[in-house]
Amino acid sequence: MNDTSEYLGYLERMCGFSIHTLKRHKRICTLWQDFLAEKNKKLLEAIPVDFLDFIEFRHRQVNNATIASELCVLRTLYAYLYDFDQISLNPAASIPELICEPPAEKSYLTVAECFQFLEAFDASDPIGLRNYTITALLWSTGLRNSELCALNWRDIDLEDGALMVRKGKGGKQRQIFLNDRVREDLVRYSRQMGGGAYDPVFYAFPRNASSKGEHARLSQDSLVEIIREHGKRAGIKKPVNPLTFRHCFSTHMYEAGVGIADIKEMLGHDDETETTIY
């Protein structure tokens, strides 16, 4: 096999990859095959040094994060070729996962910085309690901005400690289990702020009051502003936004020994390529 059609068909039929992910894999595989063609090589003839040459070639065009993403796709491709006896040795197996520079440290907060961020909220105030609970939930679940803002009370089972994401990326649903601490935070929050099953979990307070009334659902723009402004007040020197806590979630889980496959499921990614970037 010297084209990738069988591989892409496998990803679609057996792995259930989305159309968007399949297109990305196809684009990167085509890029790789074109690169090999310049060296008068075919797909099955690649050796480890070809990947090093590819990295050097791509460094002149794109950033390290993009290269890392492309290498993950190529690792997946050659793992498939090896598993299905298309090649006797996997040339991509010797490529270190962190051969490109890791993302800048400022993209993440340490565990201590995350607690510093949380402890700076005044949870005795309704708005402070809301913002504290939002941050605790972002850090402990890795929710996307849109997923958090779309939550209704029916999506959270406080008794079993589970959360259902009904409006994930690509329309996909997934269940996330809550740790004891964030479940207790949500119980406290629900006692003061909770509403009906189809009411939003997080809503926007009017500027001149802090009672619930008939308030609108918290917007993603407001969520970003809340996190950014509080980061400054909390004395965090790094730029912080809601996505920061999604990165923190995946990084801290990985450092705690959780496998990439499990983190992928919790983040709602289609494949491990996306997860390794986090």
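> Hey, could you run me through the environment of Pro-200 in this one?
Here Pro-200 shows up in the loop between α8 (180–193) and α9 (220–233). Note on Pro-200: relative accessible area 15%, which makes it buried. Setting aside residues up to four positions removed in sequence, Pro-200 forms contacts with Leu-151, Asn-152, Trp-153 and Arg-217.

> Hey, could you run me through the sheet that holds strand β1 (residues 156–157) in this one?
Sheet strands associate in pairs through backbone hydrogen bonding, adopting either a parallel or an antiparallel arrangement. Strand order in the open sheet formed by three strands is β1-β2-β3, with antiparallel pairing between adjacent strands. In this open sheet, the two strands that pair with only one neighbour each are β1 and β3 (174–177). As judged from the two bridges shared by β1 and strand β2 (residues 162–165), these two strands associate in the antiparallel manner. Bridging from a neighbouring strand, Asp-157 pairs with Ala-162 of β2.

> So what exactly am I meant to see when it comes to the environment of Phe-245 here?
Along the chain, Phe-245 turns up in helix α10 (residues 242–255). Accessibility expressed as a relative area gives 0% for Phe-245, which makes it buried. Each C-alpha atom, one on Phe-245 and one on Ala-136, is 9.1 Å from the other, the two residues being 109 residues apart in sequence. The residues contacting Phe-245, other than those within four sequence positions of it, are Leu-109, Cys-114, Phe-117, Thr-135, Leu-138, Trp-139, Ile-227 and Val-240.

> When you look at the packing of helix α2 (residues 19–38) against helix α4 (residues 64–83) in this model, what are you seeing that I'm missing?
Between two packed helices, the angle of one axis relative to the other and the distance separating the axes together describe the packing. Relative orientation of the contacting elements α2 and α4 amounts to 85 degrees, with a least axis distance of 10 Å. In this view, α2 runs roughly perpendicular relative to α4, as classed from their interaxial angle. Contacts between α2 and α4 pair Arg-24, His-25, Arg-27, Ile-28, Cys-29, Leu-31, Trp-32 and Leu-36 from the former with Ser-69, Glu-70, Val-73, Leu-74, Leu-77 and Tyr-78 from the latter. Looking at the contact of α2 with α4 residue by residue, the class counts come to nine nonpolar, two polar and three charged.

> Please explain the packing of helix α5 (residues 111–119) against helix α6 (residues 126–141) as it appears in this structure.
Packing of α5 against α6 leaves a shortest axis separation of 10 Å and a crossing angle of 160 degrees. Classified by the angle between their axes, α5 and α6 sit roughly antiparallel to one another. When the axes of α5 and α6 are compared, the crossing they make is left-handed. In this structure, α5 contributes Val-111, Cys-114, Phe-115, Phe-117 and Leu-118 to the contact, and α6 contributes Tyr-132, Thr-135, Ala-136 and Trp-139. Looking at side-chain class alone, the contact of α5 with α6 contains eight nonpolar, one polar and no charged residues.

> Help me understand the nonpolar core, please; the structure alone is not making it clear to me.
Across soluble globular proteins, you tend to see nonpolar side chains buried next to one another. Core analysis: the biggest nonpolar cluster contains 41 residues, and Leu-137, Leu-143 and Phe-245 have the highest contact counts within it. Broken down by secondary-structure element, the contributors of at least two residues to this core are α5, α6, α7 (145–149), β2, α8, α9 and α10. For Leu-137, the residues in contact, after removing those within four places along its chain, are Gly-142, Leu-143, Leu-148, Leu-151, Leu-163, Leu-178, Val-182, Leu-186 and Phe-202. Formed by 23 residues, the second largest nonpolar core is a distinct cluster that contains Ile-28, Leu-36, Leu-43 and Leu-77.

> Would you explain helix α1 (residues 5–13) in this entry?
Residues spaced three or four apart along an α-helix face the same direction, because each turn holds 3.6 residues. Turning to α1, its buried residues are Tyr-7, Leu-8, Gly-9 and Leu-11. On its buried face, α1 is in contact with α2 and α4.

> Got a minute to help me understand the packing of aromatic side chains in this structure?
Two measures describe an aromatic ring pair: the distance that separates the ring centres and the angle between the ring planes. Counted according to the given criterion, the structure contains 17 aromatic pairs. Through a chain of ring-to-ring contacts, the aromatic side chains of Trp-32, Phe-35, Phe-51, Phe-54, Phe-57 and Tyr-78 assemble into a single cluster.

> What is the right way to read the pairing of β3 from this model?
Look at any regular strand and the pattern is simple: side chains alternate between the two faces of the sheet. Judged by which residues are buried, β3 turns out to be one-sided: Arg-174 and Ile-176 face inward and are buried, whereas Gln-175 and Phe-177, on the alternate face, are not. Note: β2 against β3, four bridges, orientation antiparallel. The residue bridging Val-165 from the neighbouring strand is Arg-174, located in β3.

> How do you make sense of α10 when you look at a structure like this?
Its 14 residues give α10 an end-to-end C-alpha distance of 20 Å, which sits within 8% of 20 Å, the value for a rise of 1.5 Å per residue. With respect to burial, α10 is a largely interior element, ten of its 14 residues being buried. By the burial criterion, the buried members of α10 are Pro-242, Thr-244, Phe-245, Arg-246, His-247, Cys-248, Phe-249, Ser-250, Thr-251 and His-252. Those residues of α10 that are buried lie in contact with α5, α6, α7, β3, α9 and α11 (260–267). Its side-chain oxygen at 2.8 Å from the backbone nitrogen of Leu-243, Asn-241 defines the N-terminal cap of α10. Looking one or two residues beyond α10, the residue adopting positive phi is Gly-257, at roughly 100 degrees.

The rules behind each value
Residues numbered from 1 in each chain as written. Predicted model: local features only at pLDDT ≥ 70, side-chain atom pairs only at ≥ 80, totals over all residues. Heavy atoms only, no water. Helix = DSSP H or I, 4+ residues; strand = E, 2+ residues; numbered from the N terminus. Buried < 20%, exposed > 50% of the residue type's maximum accessible area, 1.4 Å probe, protein only. Contact = heavy atoms within 4.5 Å. Pairing = 2+ DSSP bridges. Axes fitted to C-alpha atoms, helices over the stretch in contact; angles between N-to-C directions. Parallel < 35°, antiparallel > 145°, perpendicular 65-115°, else oblique. Nonpolar A, V, L, I, M, F, W, Y, C, P; charged D, E, K, R; others polar. Left-handed = near helix turned anticlockwise from the far one by under 90°. Core = buried A, V, L, I, M, F, W, Y, C linked by side-chain atoms within 4.5 Å. Phe/Tyr/Trp six-rings, centres within 6.5 Å; stacked < 30°, edge-to-face > 60°. Expected span 1.5 Å × (residues − 1). Polar contact = N/O pair within 3.5 Å; in protein donor to acceptor, adjacent residues only side chain to side chain.

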